[in-house]
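A structural walkthrough
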Amino acid sequence: MDRYRVKQKSKINLKDHDPDDQSFFDAGKEAGRIHLKELNIDLMSLQNVLYAEHKHKILIVLQGMDTSGKDGTIKHVFLGVNPQGVRIANFKVPTSIELDHDYLWRVHHQVPGKGEITIFNRSHYEDLLVVRVHALVAKEIWSKRFSQINDFERLLSEEGTTVLKFFLHIDQDEQKKRLQARLDDPDKRWKFRKGDLEERKLWAQYILAYEDVLSKTSTPYAPWYIIPSNRKWYRNLVIGTILIDTLKKLEMRYPTPEDDLSGITIT
Ligand code: ADP
């Protein structure tokens, strides 16, 4: 899965990354869906041990343009996991109290505890994306955030958190199709916001902001992965595989019972 990992300090140009790529799994959509079911089962058992062992903390960051599939990824990749050990943190427009504090204040208390997987649906990276594109703070403020975020994530990592960051890469045509589907499909219409059309006009600025984020904040302890996401099934498969590979490397174990339990009879 290294093919999608952003190497530290590489200069990212998203034009070089094909959102339609299928090079990791070329057996097609139906086979991909079947394989995802197997990954779902693997994830269920790995998460069980993670929760029981109560040692590791897993932070998953999901970022991407509007309609890139953050919600769908959560729904499909995490299908069947025990909700007891998994939490979603959504980062929306900050409240006035949040704005009274530094931008990491609302983020830090949402990070995972031991035994927990926390998924950030949007994240502190919004403070280098929407905030930059809309000039919500001055450049001299946001430009310091790359290194601040690297330091923050290094702290999390040194304190035992495994951090994985996924950029869901779609192109502008795919966004058009997905926005149109939101208009046309009564079950999706609730997701359509006129504001999304305004944001769509800023596509090029967002791409530049993302390229900067990906170039400057992918580190060995908190790597970015650029996930080809025009095909939803492929996106799910790649993210599921990276997650499972990462969890397997932690070599987690169920805790051993305190005493010798052999010979106990329950009456
Ligand atoms: P989503 O699009 O994630 O499903 P919403 O439609 O509620 O959910 O959008 C959340 C909005 O909050 C997005 O437009 C996002 O850019 C915005 N947002 C998130 N974090 C910040 C931030 N730090 N400053 C300004 N806006 C933010």
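Residues numbered from 1 in each chain as written. Predicted model: local features only at pLDDT ≥ 70, side-chain atom pairs only at ≥ 80, totals over all residues. Heavy atoms only, no water.

Details of the pairing of strand β1 (residues 57-64)
Note the following rule: In this scheme, a residue with accessible area under 20% of its type's maximum is buried, one over 50% is exposed, and one in between is partly exposed, where area comes from a 1.4 Å probe on protein chains only. Under the scheme used here, helices are H or I runs from DSSP no shorter than 4 residues and strands are E runs no shorter than 2 residues, and both carry numbers assigned from the N terminus. A pair of strands is labelled paired if DSSP reports no fewer than 2 bridges between them.
Of all eight residues in β1, eight are buried, a share of seventy percent or more. Note that β1 and strand β4 (residues 161-169) share eight bridges and pair parallel. Bridge pairing in β4 places leucine 59 opposite valine 163. Strand direction decides the pairing type here: β1 and strand β3 (residues 117-121), joined by five bridges, are parallel. Bridging from a neighbouring strand, leucine 59 pairs with threonine 118 of β3.

Describing the site of the ligand
Where we set the bar: For this description, a residue counts as near a given molecule or strand if any of its non-hydrogen atoms is within 4 Å of it. In protein, a polar contact requires one atom able to donate a hydrogen and another able to accept it; more generally it is a pair of N or O atoms within 3.5 Å, and residues adjacent in sequence count only if both atoms are side-chain atoms. Throughout this entry, Asp, Glu, Lys and Arg are counted as charged residues, while Ala, Val, Leu, Ile, Met, Phe, Trp, Tyr, Cys and Pro are counted as nonpolar. The remaining residues, Gly among them, count as polar.
The immediate surroundings of the ligand are formed by Phe91, Lys92, Val93, Pro94, Arg106, Arg122, Glu126, Asp127, Val130, Val131, Leu136 and Arg193. Backbone polar atom of valine 93 to an oxygen atom of the ligand: 3.1 Å apart, as the coordinates give it. Taking glutamate 126, its side chain carries an N or O atom lying 3.0 Å from an oxygen atom of the ligand. Across the shell around the ligand, the residue classes break down as six nonpolar, no polar and six charged.

With respect to the packing of helix α9 (residues 194-201) against helix α10 (residues 203-216)
We apply this condition: Only C-alpha atoms enter the line fits that serve as axes; for helices the fit covers just the stretch in contact. Angles between N-to-C directions range over 0 to 180 degrees. Should an angle lie under 35 degrees it is considered roughly parallel, over 145 roughly antiparallel, and from 65 to 115 roughly perpendicular; all remaining angles are considered oblique. In this analysis, two residues are considered to be in contact whenever any of their non-hydrogen atoms come within 4.5 Å of each other.
Contact pair α9 / α10: the axes reach a minimum separation of 5 Å and the direction vectors enclose 70°. Judged on the interaxial angle alone, α10 and α9 are roughly perpendicular. Together, Glu199, Arg200 and Lys201 of α9 and Trp203, Gln205 and Tyr206 of α10 make up the contact between the two elements. In terms of residue class, the contact of α9 with α10 is built from two nonpolar, one polar and three charged.

Some remarks on the sheet that holds β4
Sheet strands associate in pairs through backbone hydrogen bonding, adopting either a parallel or an antiparallel arrangement. In spatial order, the strands read β2-β3-β1-β4-β5; together these five strands make up an open sheet with parallel pairing. Strands with a single pairing partner mark the edges of an open sheet, and in this sheet they are β2 (86-90) and β5 (224-228). Strand-to-strand twist in this sheet, taken as the mean axis angle between neighbours without regard to direction, amounts to 20°. Seen against the sheet, helix α11 (residues 232-249) touches β1, β4 and β5 and runs at an angle of roughly 165° to β4.

Quick word on the environment of glutamate 116
One can find glutamate 116 in the loop between α4 (105-108) and β3. Note on glutamate 116: relative accessible area 18%, which makes it buried. It is 5.4 Å that separates the C-alpha atoms of glutamate 116 and lysine 57, two residues lying 59 residues apart in sequence. Residue contacts for glutamate 116: discarding those within four places in its chain leaves Leu50, His56, Lys57, Ile58, Gly85, Arg87 and Val111. Here glycine 113 takes part through its backbone nitrogen, which lies 2.8 Å from a polar atom of the side chain of glutamate 116.

Let's talk about helix α7 (residues 145-158)
Operational definition: Take the residue count of a helix, subtract one, and multiply by 1.5 Å to get its expected span. Directions drawn from the helix axis to the C-beta atoms are what define this arc.
Between the first and last C-alpha of α7 there are 19 Å, a value that for 14 residues agrees with the 20 Å anticipated at 1.5 Å per step. All of the buried residues along α7 are Arg145, Phe146, Ile149, Asn150, Phe152, Glu153 and Leu156. Projected onto a plane normal to the axis of α7, the buried residues spread over an arc of 165° and lie on a single side. Turning to α7, the residues buried within the fold contact β1, α4, α5 (130-133), α6 (139-142), β4 and α10. Just downstream of α7 lies glycine 160, where phi reads positive at about 100°.

Some points on the nonpolar core
Selection rule: Only buried Ala, Val, Leu, Ile, Met, Phe, Trp, Tyr and Cys residues count toward a nonpolar core, and they belong to the same one when joined by side-chain atoms within 4.5 Å.
In this structure, Leu14, Phe120 and Trp224 are the most contacted members of the largest nonpolar core, which totals 36 residues. When contributions to this core are tallied by element, the ones reaching two or more residues are β1, α7, β4, α10 and β5. Among the elements that line this core, the one with the most residues is α10, at seven residues. Not counting residues within four places of it along the chain, the set of residues in contact with phenylalanine 120 comprises Leu59, Ile60, Val61, Leu62, Ala89, Phe91, Val107, Gln110 and Val111. The next biggest cluster of nonpolar side chains, apart from the first, holds 33 residues, and it includes Val81, Ile117, Leu164 and Ile227.

A short note on a nonpolar patch on the surface
To keep it simple, the criterion reads: Exposure above 30% relative accessible area and no salt bridge define the residues that can form patches, which grow by joining like charges within 9 Å and nonpolar side chains of Val, Leu, Ile, Met, Phe, Trp and Tyr within 5 Å. In short, Shrake-Rupley with a 1.4 Å probe defines the accessible areas, and a residue's cover is counted only from the protein chains shown. Salt bridge, as applied in this entry: a Lys or Arg side-chain nitrogen positioned within 4 Å of an Asp or Glu carboxyl oxygen.
Taken together, the side chains of Leu261, Ile264 and Ile266 present a nonpolar region at the surface, about 360 Å² in accessible area. Taking relative accessible area as the criterion, leucine 261 reaches 48% and is therefore assigned partly exposed.

Let's talk about the environment of glutamate 159
Take glutamate 159: it is sitting in the loop between α7 and β4. Considering only alpha carbons, one finds glutamate 159 and threonine 95, 64 residues apart in sequence, at a separation of 29 Å.

Examining the packing of aromatic side chains
What counts is decided by this rule: The criterion for an aromatic pair is that two Phe, Tyr or Trp rings (for Trp, the six-membered ring) have centres within 6.5 Å, with stacked assigned to planes under 30 degrees apart, edge-to-face to planes over 60 apart and tilted to the rest. When the NZ atom of lysine or the CZ atom of arginine is within 6 Å of a ring's centre and also within 35 degrees of its normal, the charge is said to sit over that ring.
Scanning the model with the defined rule gives nine aromatic pairs in all. Consider the rings of phenylalanine 91 and phenylalanine 120, whose centres lie 4.8 Å apart with planes at 70°: the pair is edge-to-face. Residue phenylalanine 91 is located in the loop between β2 and α3 (96-99), and its partner phenylalanine 120 is located in strand β3; the two are separated by 29 residues in the primary sequence. Per residue, the accessibility class of phenylalanine 91 equals that of phenylalanine 120, and both read buried. Taken together, Phe24, Phe25, Trp233 and Tyr234 form an aromatic cluster joined through their ring pairs. Between the NZ or CZ atom of arginine 145 and the centre of the ring of tyrosine 103, over which it lies, the distance is 4.2 Å. We note lysine 216 situated over the ring of phenylalanine 146; from NZ or CZ to the ring centre the distance is 4.5 Å.

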